[in-house]
Protein chains: 2
Amino acid sequence: MSVSIKDIANALNLSKATVSWILSGQGESKGFSEKTIKRVKEYAKSVNYRPNLVARSLSLGFSKTLGLVIPFLRDSYYAQMAYYIEKEAAKNGYSLIVCSSEGDGNKEYELIYTLIAKRVDGLIIAPTKTEVKGIKYLQKLDIPFVLVDRYYQNMETNYVIVDNFGSAYELVEALVNKGAKKIATLVTDAHLFVMKQRVEGYSAALREAGVKEDFALKVFVDRQNYRVDIDEKLDCLFREVPDVDGFFFTTHYLAMAAIRYMVKRGVDYHRFKMGVFHTMAGLDVLAPEMAATVFPIEELGAEAVDILLANIREGKDFVLQAKVLQNTFLPSIGDE
Amino acid sequence: MSVSIKDIANALNLSKATVSWILSGQGESKGFSEKTIKRVKEYAKSVNYRPNLVARSLSLGFSKTLGLVIPFLRDSYYAQMAYYIEKEAAKNGYSLIVCSSEGDGNKEYELIYTLIAKRVDGLIIAPTKTEVKGIKYLQKLDIPFVLVDRYYQNMETNYVIVDNFGSAYELVEALVNKGAKKIATLVTDAHLFVMKQRVEGYSAALREAGVKEDFALKVFVDRQNYRVDIDEKLDCLFREVPDVDGFFFTTHYLAMAAIRYMVKRGVDYHRFKMGVFHTMAGLDVLAPEMAATVFPIEELGAEAVDILLANIREGKDFVLQAKVLQNTFLPSIGDE
DNA sequence: TTGAAAGCGCTAACAC
DNA sequence: GTGTTAGCGCTTTCAA
């Protein structure tokens, strides 16, 4: 096995305490002699000593590790989020345990439970559905956590989200200003609060512009197999509203899927006024004229971590923080 | 603070040992009375007991946690890899600490060092550059690890990679069979062994087909700012070889960037015979006719974990495993 | 059928 | 300047 503080202490005829202090950098402030400090450090290096952080965690009561629970790490959106969260965490000396809940509430709960057992110092969660068992549990145990991307209206938690309503409003308003009269919206995961907000933003912008809403223009796509479901739904849309002239995609991959559909059906989609919530690579070349509202993903990740760390630091005295970030409006994604 | 085994023992007038055994499910096999077992379990639940896994780790000597070091979690390719690795790890009861090395060898070393200190049971690494300090360190300490995606020819390690040479060969051969004579290849991160292999596969396929290689057809793009660098390099290519009629993209985003360029320059790229190593969303609609060789990412992740766990389990007796997976050849990405 | 006690590696209050 | 010691929460051997 690897060498421990005790081994070093024995070899050098010193006490564990001395070695511990010196190795954790408190040698000088504790007033140890130059000689001893040097002796310990050199010996430690020579025998390849590396601290056992799990012992340290047990002793200190914190692990310098955070937990992240997201629906799907393979989704580029969450992957980016995870990336920036990890980055900010690392900057502050924390590691990140990443878990995918697969959009399953029970799994989410299991993961949270395990993370707690592993004694992470706090967690960041992009919650799934309306399952709140895990969240409630965290609250009961008084463990710091912050919700990202989605949140619950009726619960007091830290959270950082984007202004879904406002961004959608701004986007749809732009489409209207470009002259679109019959703007369809494509929606998926419609049960999510954030999605509802986007759709409300859409409705509000239309209302404000004096355009009457048409239910036939609201297209709901099944998330699970959206790539096939969208064909059917769009066929239906074009049948019912042949003169549709605009599209508001509530999320990036719906835009991509819709364009895939148009190309397949031979529809010249460039004639539509289009806007997408959160863009993705490829869209910019397929439809450079498309407007977009882009997530401040980096900021979102960093904010989440900062709030979490503040919560961890301040403990009981911490007052919950809710942050609503603003998207960036991009008139056309081609010139980003 | 949270309740511990000791608290339960005190409250129930039992010993810590008894409680520990019962709570870890060995109650019946140890032969405790029904009554005691029930009493302990119920009490534990009533006070919301949850085990402290760090204490458990310290005592047992393993953490049931793995470490993953990849260049960039925000890259969709690595994100997917991380996703499948986490999935397989979770299936086996392990958590995953994910870290991005940012393609920086020193950072990679730091991360490995920290992961070791946190006493992960093993690590999976997609190494950067030719920096092997971290790897050497792991070997010296005899800590189980497996390399993915990239590996070092001159070192004895576990690794799982794809057949880069073979896949590239197959792809370029297909382009030749479609009639392409002057096939350019776009390369980035050319110093990487895997990239070299792909380029060699390209060369070999040309050689085999009796096509003379033209250095002007080899386009090297700077990874850091490939989106701007590629314009200049392609301008140069078209100037020097105006009748280029095929493209072999050594990685997905180069294909996307090249198409972005073509669209910008008004080049009808559909006339080219094209092939890409590893595809991405959007390419299928932009160039459905493009051939591709797709990574078995899921298999790669799962294999890596399985090998790592076997190594952890068998320890000294484990014989290192090298696995070369086969890509799937896709004649045209439009019909996947 | 249950308990006592040592130990995992590290920290920190308190001594000398 | 340096050492003693108790303790973090859990496992496990040995005893009773």
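Residues numbered from 1 in each chain as written. Chains lettered and ligands numbered in written order. Predicted model: local features only at pLDDT ≥ 70, side-chain atom pairs only at ≥ 80, totals over all residues. Heavy atoms only, no water.

The subject of this paragraph is the domain arrangement of chain A. In many reports, interface size means the accessible area that the parts give up when they come together. Residue and element names in this part refer to chain A. Annotation of chain A at the domain level lists domain 1 (5–51), domain 2 (63–162 + 297–327) and domain 3 (164–294). Centre-to-centre separation of domain 2 and domain 3, based on C-alpha positions: 30 Å. Taken together, the 11 residues of domain 2 in the interface contact 14 residues of domain 3. Overall, the association of domain 2 and domain 3 removes approximately 1,100 Å² of surface from exposure, summing both partners, and the carbon and sulfur fraction of that is 53%. Among the residues domain 2 hides against domain 3, the three largest losses belong to Arg150, Val162 and Asn327. Together they make up 42% of the total. In this assembly, domain 2 and domain 3 are joined by 2 residue pairs in polar contact (both at pLDDT 80 or more). The residue inventory of the side of domain 2 that touches domain 3, partitioned by class, reads 4 nonpolar, 3 polar and 4 charged. (Domains from an automatic or database assignment. Contact = heavy atoms within 4.5 Å. Buried area = accessible area lost by both parts, 1.4 Å probe. Polar contact = N/O pair within 3.5 Å; in protein donor to acceptor, adjacent residues only side chain to side chain. Nonpolar A, V, L, I, M, F, W, Y, C, P; charged D, E, K, R; others polar.)

Residues and elements named next belong to chain B. Between helix H1 (residues 5–12) and helix H2 (residues 16–23), the least distance of the axes is 8 Å, while the angle of their chain directions is 115 degrees. In terms of their interaxial angle, H1 and H2 are classed as roughly perpendicular. For the pair H1 and H2, the sense of crossing is right-handed. Mapping the contact onto sequence places Ile5, Lys6, Ile8 and Ala9 in H1 and Lys16, Val19, Ser20 and Leu23 in H2. (Axes fitted to C-alpha atoms, helices over the stretch in contact; angles between N-to-C directions. Helix = DSSP H or I, 4+ residues; strand = E, 2+ residues; numbered from the N terminus. Parallel < 35°, antiparallel > 145°, perpendicular 65-115°, else oblique. Left-handed = near helix turned anticlockwise from the far one by under 90°.)

Moving on, we get to the protein's contact with DNA strand D. Close to DNA strand D lie 27 residues; B:Ile5, B:Lys16, B:Ser20, B:Tyr49 and B:Arg56 are nearest. Here DNA strand D approaches the protein such that, of its atoms within 4 Å, sugar and phosphate make up 60%. Within the side chain of A:Thr18, an N or O atom sits 2.8 Å from a phosphate oxygen of DNA strand D. Within the contact set of DNA strand D, a phosphate oxygen lies 2.7 Å away from a side-chain nitrogen or oxygen of B:Ser20. Secondary-structure elements contributing two or more residues to the surface near DNA strand D are helix H2 (16–23) and helix H5 (53–60) of chain A together with H1, H2 and helix H5 (53–60) of chain B. Partitioning the surface near DNA strand D into residue classes produces 12 nonpolar, 11 polar and 4 charged. (Near = heavy atom within 4 Å.)

The interface of chain A with chain B comprises 53 residues on the first partner and 53 residues on the second. Counting the surface lost from both chain A and chain B, the interface buries some 4,500 Å², and carbon and sulfur atoms represent 59% of this. When residues of chain A are sorted by the area they lose upon contact with chain B, A:Arg50, A:Tyr83 and A:Arg119 head the list and together hold 15% of the total. In this assembly, chain A and chain B are joined by 4 salt bridges. Note that B:Arg260 and A:Asp284 form a salt bridge whose closest N and O atoms lie 2.6 Å from each other. Across the contact surface, chain A and chain B share 25 residue pairs in polar contact (both at pLDDT 80 or more). (Salt bridge = Lys/Arg side-chain N within 4 Å of Asp/Glu carboxyl O.)

Take the sheet that holds strand E7 (residues 218–221) of chain A next. Residue and element names in this part refer to chain A. Strand order in the open sheet formed by 6 strands is E7-E6-E8-E9-E10-E12, and the pairing between neighbours is mixed. Both outer strands of the open sheet, E7 and strand E12 (328–330), are each paired with one neighbouring strand and no more. Neighbour-to-neighbour, the strand axes of the sheet open up by a mean angle of 15 degrees, direction not taken into account. Contacting strand E6 (183–188), strand E8 (246–249), strand E9 (273–277), strand E10 (291–294) and E12, helix H9 (residues 164–177) runs over the sheet at an angle of about 165 degrees to E9. This element, helix H11 (residues 226–240), spans E6, E7 and E8 of the sheet and lies at about 160 degrees to E7. (Pairing = 2+ DSSP bridges.)

For sheets, the rule is that strands pair by backbone hydrogen bonds, running either parallel or antiparallel. Residue and element names in this part refer to chain B. The mixed open sheet is built from 6 strands, whose spatial order is E7-E6-E8-E9-E10-E12. Edge positions in the sheet fall to strand E7 (218–221) and strand E12 (328–330), since each of these pairs with one other strand and no more. This sheet shows a mean twist of 15 degrees between the axes of neighbouring strands, independent of strand direction. Pairing of strand E9 (residues 273–277) with strand E10 (residues 291–294) involves 3 bridges; the strand directions are parallel. Looking at E10, one finds that Gly275 is bridged to Ala291. Along the sheet face, helix H11 (residues 226–240) touches strand E6 (183–188), E7 and strand E8 (246–249) and points at about 160 degrees away from the line of E7. Strands in contact with helix H12 (residues 252–265) are E6, E7, E8 and E9; relative to E6, the strand with the most contacts, it is inclined by about 120 degrees.

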